[in-house]
Amino acid sequence: QLQLVESGGGLVQAGGSLRLSCVVSGGTFSNYAMGWFRQAPGKERDVVAGLSTSGDSTYYADSVKGRFTISRDNAKNTVYLQMNSLKPEDTAVYYCNPGIYGTTWFRPVFGSWGQGTQVTVSS
């Protein structure tokens, strides 16, 4: 069974930074493209960023381009999301999940989600 454990969230003021981590176990991590997704209160869970198995190809939602950076360390079975210049509208629970992707899209493929990590950005 694939397990996803997110961490690194917290409370930060607008303009601040956070680095999220997601540790993946129960599968062959290096074979998965990985993504970060978020869900704000009253909204659907949407993709934030994604990257290929090697980390050579990335996808970012328009709302986070230039501010967020996704990366991975296959030796540690971990995917990261560096979030800079945070805005109040970034407030959400952030989740990771394996995904499939094309040039302009990235979708989760695993049917279960971890607990996520809460990111709250104050103004």
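Calculation rules
Chains are numbered independently. Their residues run from 1 in the order of the written sequence. Totals for whole chains, interfaces and linings use all residues, but because this is a predicted model, local features are given only for residues with pLDDT of at least 70 and pairs of side-chain atoms are given and counted only at 80 or more. Water and hydrogen atoms play no part in the side-chain values, which are based on all heavy atoms of the structure. Numbering of helices and strands runs from the N terminus, with a helix taken as a DSSP run of H or I at least four residues long and a strand as a DSSP run of E at least two residues long. The atom set for the radius of gyration is the C-alpha atoms, and the globule formula is 2.2 Å times the number of residues raised to the power 0.38. Remark: exposure states derive from per-residue accessible area (1.4 Å probe, protein chains only) relative to the maximum for the residue type, with buried under 20%, exposed over 50%, and partly exposed in between. Should any heavy atoms of two residues lie within 4.5 Å, those residues are considered in contact. A 1.4 Å probe and the Shrake-Rupley method give the accessible areas. Residues count as covered only by the protein chains that appear here. In this tally, Asp and Glu contribute negative charge and Lys and Arg positive charge; neither His nor the terminal groups of the chain are included. Charged groups are reduced to one reference atom each: NZ for lysine, CZ for arginine, CG for aspartic acid, CD for glutamic acid. Residues adjacent in sequence count toward polar contacts only when both atoms are side-chain atoms; beyond that, a polar contact is any pair of N or O atoms within 3.5 Å, and within protein one must be able to donate a hydrogen and the other to accept it. Should DSSP find at least two bridges between two strands, the strands are taken to pair. Only the stretch in contact is used when fitting a helix axis, every axis being a line fitted to C-alpha atoms; angles between N-to-C directions are given from 0 to 180 degrees.

Undergrad: So what exactly am I meant to see when it comes to the overall build of the protein here?
TA: In terms of helices and strands, the protein carries zero helices and eleven strands. In the protein, the succession of helices and strands from N to C terminus is β-β-β-β-β-β-β-β-β-β-β. Relative to the globule expectation of 14 Å for 123 residues, the C-alpha radius of gyration of the protein, 13 Å, shows essentially globular dimensions. Principal axes of the C-alpha set define a box for the protein whose edges measure 40 × 30 × 30 Å. The proportion of buried residues among the 123 residues of the protein is 42%. Restricting the contact set of the protein to residue pairs at least 6 apart, pairs at least 24 apart contribute 55%. Carbon and sulfur atoms make up 45% of the accessible area of the protein, which totals about 6,400 Å². Considering the protein, the positive charge centre built from 10 side chains and the negative charge centre built from 8 side chains are found 1 Å apart.

Undergrad: What's the story with the side chain of Asp90 in this structure? I'm lost.
TA: Checked against the element boundaries, Asp90 lands in the loop between β8 (78-83) and β9 (92-101). Side-chain polar atoms of Asp90 contact the backbone nitrogen of Lys87, separated by 2.8 Å. Residue contacts for Asp90: discarding those within four places in its chain leaves Arg38, Arg67, Phe68, Ser85, Val119 and Val121.

Undergrad: Just checking my understanding: could you explain the sheet that holds strand β7 (residues 68-73) for this structure?
TA: Adjacent strands of a sheet form backbone hydrogen bonds with each other and so pair up, either parallel or antiparallel. Taken together, four strands build an open sheet; the order of strands is β1-β3-β8-β7 and the sheet is antiparallel. The sheet is open, and its two borders are formed by β1 (3-7) and β7, each paired with just one other strand. Put simply, the sheet's adjacent strands are angled 15° from each other on average, direction ignored. Pairing analysis gives five bridges linking β1 to strand β3 (residues 18-25), with the strands arranged antiparallel. Looking at the pairing, Val5 lines up with Val23 of β3.

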